[in-house]
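# Structural overview for review
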Amino acid sequence: MTVAHKIRAGGPAAGRRSTPSPEPAPGGPRAGGRLRNAALTPWLFLAAPLALLLMFTFLPVADMIGYSFTDWDGISPERSNVGGENYTDLVTRPARFEVFLVSGFYLAASFLQIALALYFATVLSFNTRFRNLFKGLLFFPYLINGVAVGFVFLYFFQPDGTLDTLLRLAGAEGGHLWLGDPDLANPSLAGVSVWRFMGLNMVLFLGAIQSIPPHLYEAAELDGANRWQQFLHIIAPSIKPIISLSFILAVSGSLAVFEIPYIMTGGANGTETFVIQTVKLAFQFDKVGLASASAVVLLILILLITWVQRRLFPEERVELS
């Protein structure tokens with residue numbers, strides 16, 4: 001039987017089997033399905049974090065805003081709508097905003113903290129002996145729970161305690177009421193915050209410094225630049241966005257200080273911050289509506305200050321070459 005006879009015997013089915021299937025057109029349905037899947041894939045990965053963000057951030061903030069227009073005491077199932085009365089109460093009582101003066105101590109401490117973190121990050125970015133050990137020692141305080149830090153320094157600042165003993169060994173006068181004297185309490189607490197959070201800023205600066213290309217340092221050394229000149233002309237301009245971010249975090253953090261003064265003094269002796277005052281309004285005086293209004297005001301202040309900082313110091317793209 002010839003080839004022609006075999007094809008005729010197979011009929012049309014055999015002819016169809018021997019014919020290759022055509023390739024789908026580039027703009028066909030399969031290509032459109034692949035494009036839709038590619039567009040949906042990132043949202044599938046983002047679904048869980050977005051759900052958690054919505055559940056634990058945006059919904060509580062929405063509830064807080066709703067509570068700020070009520071007289072709820074936090075216990076009773078009934079609450080009445082009082083409109084803007086809580087906000088009027090806050091605005092007409094300047095004493096409630098005097099606690100922001102305490103935040104000035106933490107703001108000044110934050111600037112000192114940034115300066116120290118930048119110094120240690122710069123030093124440890126060069127070939128320094130035991131630099132990994134020093135990195136761990138400086139970052140370790142940030143890993144400790146804030147409550148534990150408060151209790152440790154509570155004993156550290158006791159009269160005739162650890163700090164007074166060290167001062168006497170150095171020949172200085174001891175026996176100060178570090179947490180009992182209003183003139184010493186806030187600087188002491190601000191010093192604790194410097195000790196605890198400096199490691200975080202140091203790691204941020206250190207990561208930014210290590211991203212600078214090494215050939216810039218080599219070129220600077222060939223030109224005879226010392227370490228200070230390298231910092232001034234290479235490091236500081238290269239990590240300017242991180243420095244700007246640190247200042248934004250410093251301002252917002254100084255307004256929202258809570259853990260350390262609450263654990264160590266409970267807000268006594270002139271150490272009460274705006275957050276401690278808000279917590280007391282909610283859980284000590286059962287004024288959840290007024291406390292929610294205070295929290296909303298604090299949120300607006302932080303957002304406003306952050307916006308002003310971003311306008312004054314816009315983000316600049318640094319080209320490293």
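Enumeration over the complete set of coordinates arrives at 17 aromatic pairs. Taking the centre distance of 6.0 Å and the plane angle of 25 degrees together, the rings of F97 and F100 count as stacked. Given a relative accessible area of 18%, F100 falls into the buried group. Each member of the aromatic cluster is reached from another via a ring pair, and the members are F153, F156, F157, W178 and W195. Sitting over the face of the ring of W72, R79 holds its NZ or CZ atom 5.3 Å from the ring centroid. The ring of F126 carries the charged tip of R227 above its face, separated from the ring centre by 4.0 Å.

What follows concerns helix α10 (residues 227–238). Looking at α10, one finds that the buried residues are Q230, F231, I234, I235 and S238. One side of α10 carries all its buried residues, which in axial view fall inside an arc of 125 degrees. Exposed residues lying more than 90 degrees from the buried face of α10 are W228 and H233. Buried residues in α10 make contact with α4 (100–125), α8 (182–210), α9 (214–222) and α11 (240–255). Here α10 starts with a cap whose side-chain oxygen sits 3.3 Å from the backbone nitrogen of W228, and that cap is N226.

Side chains of W43, L46, L50, L52, L53, L54, M55, F56, F58 and L59 sit close together on the surface and give an oily, nonpolar patch of about 1,000 Å² of accessible area. Tracing the backbone shows M55 in helix α2 (residues 29–67). For M55, a relative accessible area of 48% corresponds to the partly exposed category.

What follows is about the packing of α4 against α8. Viewed as axis vectors pointing N to C, α4 and α8 meet at an angle of 35 degrees, and their least axial separation amounts to 6 Å. By crossing handedness, the relation of α4 to α8 is classed as right-handed. Residue classes in the contact of α4 with α8 are distributed as 21 nonpolar, 6 polar and no charged.

Let us now look at the nonpolar core. Inside soluble globular proteins, nonpolar side chains tend to come together where they are buried. Formed by 22 residues in total, the largest nonpolar core has its most connected members in F205, Y217, I235 and I239. Contributing elements (two or more residues each) for this core: α4, α8, α9, α10 and α11. A per-element tally of this core places α8 first, with 6 residues. Not counting residues up to four positions away in its chain, the partners in contact with I235 are T122, F126, I209, I212, Y217 and Q230. With 16 residues, the next largest nonpolar core counts V149, F157, W178 and L179 among its residues.

Let's shift gears to the confidence of the model for the protein. Of all residues in the protein, 87% attain a pLDDT of 70 or more, and the chain-wide mean is 84. The model gives residues 1–16 a pLDDT under 50, and that stretch makes 1 contact with residues more than four places away or in other chains.

Position of L290 relative to the elements: it lies in helix α14 (residues 288–312). By relative accessible area, which is 5% here, L290 ends up buried. Separated by 218 residues in sequence, L290 and W72 place their C-alpha atoms 8.5 Å apart.

So, how was this worked out
Residues numbered from 1 in each chain as written. Predicted model: local features only at pLDDT ≥ 70, side-chain atom pairs only at ≥ 80, totals over all residues. Heavy atoms only, no water. Phe/Tyr/Trp six-rings, centres within 6.5 Å; stacked < 30°, edge-to-face > 60°. Buried < 20%, exposed > 50% of the residue type's maximum accessible area, 1.4 Å probe, protein only. Lys NZ or Arg CZ within 6 Å of the ring centre and 35° of its normal. Helix = DSSP H or I, 4+ residues; strand = E, 2+ residues; numbered from the N terminus. Arc of directions from axis to C-beta. Contact = heavy atoms within 4.5 Å. Polar contact = N/O pair within 3.5 Å; in protein donor to acceptor, adjacent residues only side chain to side chain. Patch = residues over 30% accessible without salt bridge, like charges linked within 9 Å, V, L, I, M, F, W, Y side chains within 5 Å. Areas by Shrake-Rupley, 256 points an atom, 1.4 Å probe, with all protein chains shown as cover. Salt bridge = Lys/Arg side-chain N within 4 Å of Asp/Glu carboxyl O. Axes fitted to C-alpha atoms, helices over the stretch in contact; angles between N-to-C directions. Left-handed = near helix turned anticlockwise from the far one by under 90°. Nonpolar A, V, L, I, M, F, W, Y, C, P; charged D, E, K, R; others polar. Core = buried A, V, L, I, M, F, W, Y, C linked by side-chain atoms within 4.5 Å. pLDDT = per-residue confidence, 0-100.

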